Every structure is written in structure tokens, then in C-alpha cells.
Amino acid sequence: GLGDVYKRQVDTFIGSYCFIGSRTVIMPGIRIGDHCIVGSGSVVTADVPDNCIVAGNPARVLQTGVVTGRWGIRAKRFLVKEGIIPASELDTPKVA
């Protein structure tokens, strides 16, 4: 009956080190992977893979290979300090 519709529960998952912009709508049952940034005002209608930036209505992947820390911070020095990436990542190759 109609009561069964209200008993249905769908889990929505938001991964670690994610930043969700204001006024974002995440539909029920959606999985947002680790280290993701969701742009403000986005409507997320499909699962979001790890390490990417999504935005829009519907949300689309804009960039992949992203690593974020707390609050969506992407600065390498911060990520090394938090232990998210190794210190060797800070070393930049020197131009001869």
C-alpha cells in the first residue's frame, strides 16, 4: 500500500575529505567518493567517482585526479602536513 512507500530507506554516502558547496542537492541513494569537490548549486543525480570535481545541473565531472584535505583544501603543503600525501610530493624538479 501507500504506507510501504514511506518505509523505504535509501542510503546516501559522502566519502572522506569531500567539500560540498552550498545549495547543492544530492539525490537519495547517491555515492560521492573520497576527495571530491561538488560545486555550489549542483544537482547530483548520479554517483561521483573518487578524486574529482563535479558541478552543474545535472552535475558532471570537470576534473579528475584531485586530492583534497579537510574543508576541500588542495594546497600540497597542507596535504603533506595532514599526512594525506608523502613529503616527496612537495619536491619540484629543478630546471637546469
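Everything numeric here is computed off the predicted structure, so don't read it as measured data.

Novice: Summarise the overall build of the protein; cite the residues concerned and give the values.
Specialist: Summing up its helical and strand segments, the protein has two helices and eight strands in all. Along the chain direction, N to C, the helices and strands of the protein fall in the order α-β-β-β-β-β-β-β-β-α. Here the protein holds 96 residues, and 27% of them are scored as buried. In the protein, of all internal contacts separated by at least 6 residues, the share reaching a separation of at least 24 is 9%. Counting every atom, the protein has about 6700 Å² of accessible surface; 54% of that belongs to carbon and sulfur.

Novice: Now, about the pattern of salt bridges: what can you tell me, with residues and values included?
Specialist: Within this structure, the stated rule accounts for two salt bridges. Its salt-bridge partner being Asp-50, residue Arg-31 comes within 3.8 Å of it at the nearest N-O pair. With Arg-31 in strand E4 (residues 31-32) and Asp-50 in the loop between strand E6 (43-44) and strand E7 (52-55), the pair connects residues that are 19 residues apart, well separated along the chain. A relative accessible area of 35% places Arg-31 in the partly exposed class. When its relative accessible area of 38% is taken as the criterion, Asp-50 is described as partly exposed. Among the ionic pairs, Arg-70 bridges to Glu-82, the shortest N-O distance being 2.8 Å. With Arg-70 in the loop between strand E8 (60-64) and helix H2 (76-81) and Glu-82 in the segment after H2, this pair connects stretches of sequence that are 12 residues apart. On the accessibility criterion, Arg-70 (36% relative accessible area) is partly exposed. With relative accessibility at 28%, the residue Glu-82 sits in the partly exposed group.

Novice: Now, about the pairing of E8: what can you tell me, with residues and values included?
Specialist: In terms of burial, E8 is a largely surface element, zero of the five residues being buried. As defined by bridge partners, E7 adjoins E8 across four bridges and the pair is classed as antiparallel. Residue pairing for E8: Ile-53 is matched across the bridge by Gln-63.

Novice: Any chance you could break down the sheet that holds E7 for me, citing the residues and the numbers?
Specialist: Two strands in a sheet stick together by hydrogen bonds in their backbones, pointing the same way (parallel) or opposite ways (antiparallel). Taken together, the four strands give an open sheet; going across it, the order is E2-E5-E7-E8, and neighbouring strands pair in mixed fashion. Strands at the two margins of the open sheet, each flanked by one partner only, are strand E2 (19-20) and E8. Here strand E5 (residues 37-38) pairs with E7 via two bridges, running parallel. Residue pairing across strands places Ile-37 opposite Ile-53, the latter belonging to E7.

Novice: Any chance you could break down the side chain of His-35 for me, citing the residues and the numbers?
Specialist: By secondary structure assignment, the location of His-35 is in the loop between E4 and E5. At a separation of 2.7 Å, a polar atom in the side chain of His-35 contacts the main-chain carbonyl oxygen of Thr-68. Dropping the residues within four chain positions of it, His-35 is found in contact with Ser-16, Tyr-17, Cys-18, Asn-51, Cys-52, Val-66, Val-67, Thr-68 and Ile-84.

Rules and cut-offs
- Residues numbered from 1 in each chain as written.
- Predicted model: local features only at pLDDT ≥ 70, side-chain atom pairs only at ≥ 80, totals over all residues.
- Heavy atoms only, no water.
- Helix = DSSP H or I, 4+ residues; strand = E, 2+ residues; numbered from the N terminus.
- Buried < 20%, exposed > 50% of the residue type's maximum accessible area, 1.4 Å probe, protein only.
- Contact = heavy atoms within 4.5 Å.
- Areas by Shrake-Rupley, 256 points an atom, 1.4 Å probe, with all protein chains shown as cover.
- Salt bridge = Lys/Arg side-chain N within 4 Å of Asp/Glu carboxyl O.
- Pairing = 2+ DSSP bridges.
- Polar contact = N/O pair within 3.5 Å; in protein donor to acceptor, adjacent residues only side chain to side chain.

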